[in-house]
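# Fold and contact review
Listed here are the chains, written in short residue letters.
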Amino acid sequence: MNSKAFLLASLVPLLAGPALADGTLSDTATSVLSFVDTSGTTSTSAGNDGTNVWTSMGGFTNSNLGQYDQSGNPTALYQPGPDFRAVFSDSAGNLYSKSFGAGDVSSITAAGTATVLCTLAGSNSQSAAGFNAAETEIYTMSVGMIRRYTWPGCTFIAAIPLIGWGTMGNEAAFPDDFQMETTGAGRILTYSAGTVSEWDLAGNRTGTCTIPIASPTGFLFKVVQLEDTHSDETTYE
């Protein structure tokens, strides 16, 4: 079993009100769940379909999708086929993945079976992916540039440059330059050097949140986000 642990952390105040123009993040994240990842050593993403928590590994395609209950207890390990760069869910509890290479988006069943639905043409092969708030679009990121695609269909719409990208932590360095997540408030989350940044759809950095642990080293993807049907939460190693 991989000894790497994931922590699920709340990034928003427990009594948060409506989304504000200056961001919705707390100053410091609060850990709410910790569990050991079974999917491998190069973590790429995590997701929650409302019944199961999932973690994925990139770099190869054998036994790289871990399944857990809502307390983080491992329940299965699957080999569905994709070389994962993201797993993410919609509000109905459907699980999807974005893979390395052409950027195929696949549906993932509770039994760990993957079916390719469409391809995010032009997306960076390493980038993560996530839905917008309305689940009508998928976003990917590459070096501070968010790419928007229709959902369903994966047709490219437009690109959004993140203003000031590369000025905090190691944002301009791999793997921080490809990691992103989305929130129910319609914002984009990125991570670098112990800090989660929140961005609006105009590309403005609207807030930051400190992860209260030292950033680890030695993994291809050091920090991954976990979306719980678009809740404002994240996981980190």
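Residues numbered from 1 in each chain as written. Predicted model: local features only at pLDDT ≥ 70, side-chain atom pairs only at ≥ 80, totals over all residues. Heavy atoms only, no water.

### A few points about the overall build of the chain
Helix and strand counts for the chain stand at zero helices and 20 strands. Going through the 237 residues of the chain one by one, you find that 56% of them count as buried. Considering only contacts in the chain between residues 6 or more positions apart, those separated by 24 or more positions represent 50%. On the chain, roughly 8,900 Å² of surface is accessible, and the fraction owed to carbon and sulfur atoms is 55%. (Helix = DSSP H or I, 4+ residues; strand = E, 2+ residues; numbered from the N terminus. Buried < 20%, exposed > 50% of the residue type's maximum accessible area, 1.4 Å probe, protein only. Contact = heavy atoms within 4.5 Å. Areas by Shrake-Rupley, 256 points an atom, 1.4 Å probe, with all protein chains shown as cover.)

### Looking at the nonpolar core
Of all hydrophobic cores here, the largest spans 22 residues; its most connected members are Phe88, Val105, Ile138, Ile146 and Trp151. Listing elements by their share of this core, those giving two or more residues are β7 (84-89), β11 (129-131), β12 (137-142) and β13 (145-150). Each residue touching Val105, except ones within four places of it in the same chain, is listed here: Phe88, Ser97, Thr115, Val116, Leu117, Cys118, Leu120, Ile138, Trp151 and Cys154. In terms of nonpolar packing, the next biggest core, distinct from the first, is built from seven residues, Leu65, Tyr78, Leu95 and Ile108 among them. (Core = buried A, V, L, I, M, F, W, Y, C linked by side-chain atoms within 4.5 Å.)

### Some points on the environment of Ser197
Here Ser197 shows up in strand β17 (residues 195-199). Along the sequence, Ser197 and Met180 sit 17 residues apart, while their C-alpha atoms lie 9.6 Å from each other. Of note is the side chain of Ser197, whose polar atom sits 2.8 Å from the side chain of Arg205. (Polar contact = N/O pair within 3.5 Å; in protein donor to acceptor, adjacent residues only side chain to side chain.)

### Remarks on the sheet that holds β7
Read across the open sheet, the four strands follow the order β7-β8-β9-β10; overall the sheet is antiparallel. The open sheet has two free edges, formed respectively by β7 and β10 (114-119), since each of these has just one partner strand. Each adjacent strand pair in this sheet contributes to an overall mean axis angle of 30°, direction not counted. (Pairing = 2+ DSSP bridges. Axes fitted to C-alpha atoms, helices over the stretch in contact; angles between N-to-C directions.)

### A short note on the side chain of Ser99
For Ser99, the location among the structural elements is in strand β8 (residues 95-99). Discounting chain neighbours no more than four positions away, the residues touching Ser99 are Pro82, Asp83, Phe84, Arg85, Asp104 and Ser125.

### Things to note about the pattern of salt bridges
What the rule picks out here adds up to four salt bridges. We note a salt bridge from Asp83 to Arg85, for which the minimum N-O separation is 2.9 Å. Relative accessible area serves as the criterion here: at 14%, Asp83 is assigned to the buried category. Residue classification places Arg85 among the buried positions, given a relative accessible area of 4%. With a shortest N-O distance of 2.6 Å, Glu137 and Arg148 are connected by a salt bridge. Of this pair, Glu137 sits in strand β12 while Arg148 sits in strand β13, and the two are eleven residues apart along the sequence. Accessibility expressed as a relative area gives 11% for Glu137, which makes it buried. (Salt bridge = Lys/Arg side-chain N within 4 Å of Asp/Glu carboxyl O.)

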